[in-house]
Amino acid sequence: MSDERKTIGSGGKAGRGNRQTSPSAAARALAGAPAARKPVAKAKPKVTEPKPAATKAPAKKSPPKKAAPTKRPADKAAAPKPRLRAVTDEDAAAAAAAAAEEAARRTRTAGAAPLSAGIPIDEIVVAVIQAAQRVLGSDWEARVATLLATIRKRMSGDYEVDEFGFDPQITEVLTAAIEPLAEKWFRLEVRGVENIPAEGGALLVANHSGTVPIDGLITGYAVKKYAGRDLRPLGADLVFSLPFVGQIARKVGATLACTEDAERLLTTGELAGVWPEGFKGIGKPFAERYKLQRFGRGGFVSSAMRAQVPIVPVSIVGAEEIYPLVGNVPSLARLLGLPYLPITPFFPLLGPLGMIPLPSKWIIEFGEPIRTDAYDPESADDPMLLFNVTDQVRETIQQTLYGLLVDRGNAFF
Amino acid sequence: MARSVLVTGVAGTFASLFARRLADLGEGAGISKVVGIDTMLPPGDLGGVKFVRADIRTPVVGKVIAVEDVDTVVHLDVNPPRRGRTGGAKELNVIGTMQLLAACQRASTVTKFILGSSTAVYGSSPRDPAMFTESLLARDGVRSGFPKDIVEVESYVRGFARRRPEVIITTLRAAQILHPSIDTPLATYFASPVLPAVMGFDPRLQFTDLNDAFAVLEQAIVKDRPGTFNIAGDGVVLLSQAARRLGRPIIPLPPFGFATAARRVLRAAGSDIPPDLHRLLTYGRVVDTSALRDIFGYDLTRTSLQTFEEFRDSLRPGVMSVVGGRA
């Protein structure tokens, strides 16, 4: 059946004919056989032995033809699938056996399910149980029950989100989903976890890079995994205007980077994360990697000061190399309302394949907290002080980045 | 001092219920008289409310205030447009408020003005902070329709406050009330058999409990609580969560042309979507009610989720209930 469907150029080398008319002269010459050969003869794709082609008959239709003389009466409908390889005696025997079994199965009762014919149902059950034990551990029954109950609760809308739309259950699932990306793909190394306060508010300030803000995702993962706290990222308004992206961002606890939200999070004792470089940071060319851009307008310092929480400088090494930004299409970006339209060595050249981040090595270092409770909350209105503290945070991160780059060595190996 | 209260828009479901409830409170609570005013007859029995059929868009309202010796005006005639009244809604909301305020400014008897505003005044946009406090302004989403009306109405009330500083002005910005007997856009929306939603967005919504809204308004009348206060049940309900609890299927529609498409879908399903709802259903809106608790002095009795649950119990179960929905 599959043979009939094939037409010119759909299989094998060029010039071997289409198996319905006679093969071309070139094909006959290549086959090296006399013109008396059957029209199915074709160029052999896998010539392993220099034997005469006539005995090996390397053709698509050969297996059934070879098998036919031995056990033809067994079955006529269930011919084995034609293969594009040399036919040996073993193959012929196997084909015959398969044909015989197929025939036998057909002659058996039509009511029996073909799946249960081979494997008894209890063996399948045992296999499933063993698989469950291997994946979920010995208390798999309780775990499966919990999982099913959770799914049922989700389906009936029986869960709670906070005012920001933060959904701890979804965050848990996503953290687990990111783990292979962070640990295996980026080979993440985390330093200075002890600098993240175990409780109470703190503002994590990090450098931003990588064309696509994956660094925010990985930082959130690192904080959750190694410090056991939920990071509440503060994102640009573009994030929340994009469909799907904005929805997921809210569910993992992100909110708009504005003073109201930052202060609300910090005063309620949450761990907020900011990337003050913003689009200037993630959209900078690859040549300027690890050179910190302007740290916004210092709004994050005033928020931390008003809430009297420490600022934790976070240095992220590795994000710069995931999508090396070598070009930009400002006019198209403006048309689409985006801050930049990236061109990387692989995007858009390779299409969706170019969207796979390069496997750079990552190091995230949480630096020593910079205390703000030494200043009064009112000093948040002193611009000079804000600029000074902003510069202090920026310099700390920049120096740490240089150190981490030396430690890391090669970006990929 | 027993108060003589004028309630506008008593043909509306909420205002008529409130006016009747206020009249039932009577002298014991310091309410001597309740006058209801609207252009249409109220749907139900108004009880002890004296109904005056008049249009607040005309100077007649000034005469009503003078004749009835009104000292407290409760302006509840600011409503989102309903189907078939789209064109008239702006007239009624903005021009009605202007005439009413003009009448109040002339009337020396008026000492208190309470505006039943809406959280729609904050608009709805991706640039919104997570929670709006009373001092914040709308970032976007107030350029047309009901949100624009309500922003204009509030600005006129602020102007009135400037001109008559001795009048106590309370602006109550309430999230939409969810109650089977109250006709609000979201209640209509949730009662539909299918819920059209914007693809890729899951808005955070808040609802006000009916009794909380009544109680806050009553306290604003009986006590003196000048200022602006948000009213909304604590917590949020996501649209997806609400749909799952209702057991009604969500129909995701692309963001462009959502309003038209959603209306088509709902009309095909034998229901209707009120205009101006699509922005709320895209970006959602959450307000901070700490001022109501700390300054106004009222503790809300119901969270948004509880309000929603009580409303859900009054609806028929949705088609998806078999796989969840009603617990």
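Residues numbered from 1 in each chain as written. Chains lettered and ligands numbered in written order. Predicted model: local features only at pLDDT ≥ 70, side-chain atom pairs only at ≥ 80, totals over all residues.

Caption draft 1: Structural detail: the overall build of chain B. Check the secondary structure of chain B and you find eleven helices and eleven strands. Computed over C-alpha atoms, the radius of gyration of chain B comes to 19 Å, within 12% of the 20 Å expected from 2.2 N^0.38 for 327 residues, which places it in the range of a compact globule. For the C-alpha atoms alone, the extent of chain B along its principal axes is close to 60 × 40 × 35 Å. A sequence separation of at least 24 residues applies to 81% of the contacts in chain B between residues at least 6 apart. (Helix = DSSP H or I, 4+ residues; strand = E, 2+ residues; numbered from the N terminus. Rg over C-alpha atoms; globule rule 2.2 N^0.38 Å. Contact = placed C-beta atoms within 7 Å.)

Caption draft 2: Focus on the overall build of chain A. On a plain count of helices and strands, chain A comes out with 17 helices and nine strands. Per-residue burial over chain A gives 32% buried out of 413 residues. (Buried ≥ 20, exposed ≤ 12 C-beta atoms within 10 Å, placed from the backbone.)

Caption draft 3: Layout of the sheet that holds strand E6 (residues 168-174) of chain B. Residue and element names in this part refer to chain B. Read across the sheet, seven strands follow the order E3-E2-E1-E4-E5-E6-E9 without closing on themselves; strand pairing throughout is parallel. The open sheet has two edge strands with one neighbour each: strand E3 (50-53) and strand E9 (227-231). Geometrically, the sheet is characterised by an average inter-axis angle of 20° between neighbouring strands, direction not taken into account. In terms of strand pairing, strand E2 (residues 31-38) meets E3 through four bridges, oriented parallel. In the sheet register, Gly36 faces E3, and the bridge partner there is Phe51. Each of strand E1 (3-8), E2 and E3 is contacted by helix H2 (residues 60-68), which is oriented at about 165° to E2, the strand it contacts most. (Pairing = 2+ DSSP bridges. Axes fitted to C-alpha atoms, helices over the stretch in contact; angles between N-to-C directions.)

Caption draft 4: A look at the interface of chain A and chain B. Between chain A and chain B, the contact holds 22 residues from the first and 25 residues from the second. Mapped by element, the contributors of at least two residues to the side of chain A that touches chain B are helix H8 (140-155), helix H11 (237-241), helix H12 (245-251), strand E4 (255-256) and helix H13 (259-267) of chain A. Across the side of chain A that touches chain B, the residue classes break down as eight nonpolar, seven polar and seven charged. (Nonpolar A, V, L, I, M, F, W, Y, C, P; charged D, E, K, R; others polar.)

Caption draft 5: Summary view of the confidence of the model for chain B. Residues with a pLDDT of 70 or more make up 93% of chain B, whose mean pLDDT is 89. At the level of chain-chain contacts, confidence expressed as ipTM amounts to 0.87, with global pTM at 0.78. (pLDDT = per-residue confidence, 0-100.)

Caption draft 6: Main features of the sheet that holds strand E5 (residues 271-274) of chain A. All names here are of chain A. If you trace the seven strands from one edge of the open sheet to the other, you get E1-E9-E6-E2-E5-E3-E4, paired in mixed fashion. At either margin of the open sheet sits one strand with a lone partner, and together these are strand E1 (189-191) and E4. In the packing of helix H17 (residues 383-408) onto the sheet, contacts are made with strand E2 (202-206), strand E6 (311-317) and strand E9 (363-366), and the angle to E6 comes to roughly 35°.

Caption draft 7: Spatial organisation of unusual backbone geometry. Residue and element names in this part refer to chain A. Residues Phe347 and Pro348 are joined by a peptide bond in cis, for which omega reads 5°. Residue position: Pro348 is located in the loop between strand E8 (342-343) and E9. Phi at Thr211 is positive, roughly 65°, even though this residue is not glycine.

Caption draft 8: Spatial organisation of helix H1 (residues 13-25) of chain B. All names here are of chain B. For H1, with 13 residues, the first-to-last C-alpha span of 19 Å sits near the 18 Å given by 1.5 Å per residue. Those residues of H1 that fall on the buried side of the exposure criterion are Phe14, Ala15, Ser16, Leu17, Phe18, Ala19, Arg20, Leu22 and Ala23. The inward-facing, buried residues of H1 contact E1, E2 and helix H6 (210-222). After H1 finishes, the residue Gly26 shows a positive phi value of roughly 70°. (Expected span 1.5 Å × (residues − 1).)

Caption draft 9: Structural detail: H13 of chain A. Residue and element names in this part refer to chain A. Looking at H13, one finds that the buried residues are Asp261, Ala262, Glu263, Arg264, Leu265 and Leu266. In the core, the buried residues of H13 are packed alongside E2, strand E3 (231-235), E4, E5 and helix H15 (299-307). A positive backbone phi angle near 80° is found at Gly269, which sits one or two residues after H13.

Caption draft 10: Layout of the packing of helix H9 (residues 168-185) of chain A against helix H10 (residues 214-227) of chain A. Residue and element names in this part refer to chain A. Where H9 contacts H10, the axes come no closer than 10 Å and their chain directions differ by 110°. What the angle tells us is that H9 and H10 run roughly perpendicular. Side by side, H9 and H10 meet where Thr175, Ile178 and Ala182 of the first sit next to Leu217, Ile218, Tyr221, Lys224 and Lys225 of the second. Class assignment of the residues belonging to the contact of H9 with H10 gives a composition of five nonpolar, one polar and two charged. (Parallel < 35°, antiparallel > 145°, perpendicular 65-115°, else oblique.)

Caption draft 11: Just the nonpolar core, in detail. Core analysis: the biggest nonpolar cluster contains 156 residues, and Leu203, Leu204 and Val205 of chain A together with Val7 and Cys104 of chain B have the highest contact counts within it. Considering every element that reaches this core, the biggest residue donor is H1 of chain B, with seven residues. Residues contacting Val7 of chain B, with those up to four places away along its chain left out, are Ala15, Phe18, Ala19, Val34, Gly36, Val74 and Leu76 of chain B. (Core = buried A, V, L, I, M, F, W, Y, C linked by C-beta atoms within 7 Å.)

Caption draft 12: Examining the environment of Gln176 of chain B more closely. Residues and elements named next belong to chain B. With respect to the helices and strands, the residue Gln176 is situated in the loop between E6 and helix H5 (185-190). Sequence separation between Gln176 and Ala232 is 56 residues; the distance between their C-alpha atoms is 8.0 Å. With sequence-adjacent residues up to four places away left out, Gln176 is seen in contact with Thr184, Pro185, Leu186, Phe207 and Thr208.

Caption draft 13: How the structure looks around the environment of His75 of chain B. Residues and elements named next belong to chain B. Locating His75 in the fold gives a position in strand E4 (residues 72-75). Judged by the 24 C-beta atoms lying within 10 Å of it, His75 is buried. Taking the C-alpha atoms as reference, His75 lies 19 Å from Asp209; in sequence the two are 134 residues apart. When neighbours within four sequence positions are excluded, His75 is seen to be in contact with Thr8, Thr97, Leu100, Ile114, Leu115 and Gly116.

Caption draft 14: Up close: the pairing of E6 of chain B. Residue and element names in this part refer to chain B. Among the seven residues in E6, five count as buried, and that is most of the element. Taken together, the seven bridges between strand E5 (residues 112-118) and E6 define a ladder with parallel strand orientation. Note on E6: the bridge partner recorded for Ser118 is Ala174. Taken together, the five bridges between E6 and E9 define a ladder with parallel strand orientation. Bridge pairing in E9 links Leu172 to Phe229.

Caption draft 15: Region of the structure containing the environment of Glu172 of chain A. All names here are of chain A. By secondary structure assignment, the location of Glu172 is in helix H9. Residue classification places Glu172 among the partly exposed residues on the basis of 13 C-beta atoms within 10 Å. When the C-alpha atoms of Glu172 and Lys224 are compared, they prove to be 8.9 Å apart, with 52 residues separating the residues in sequence.

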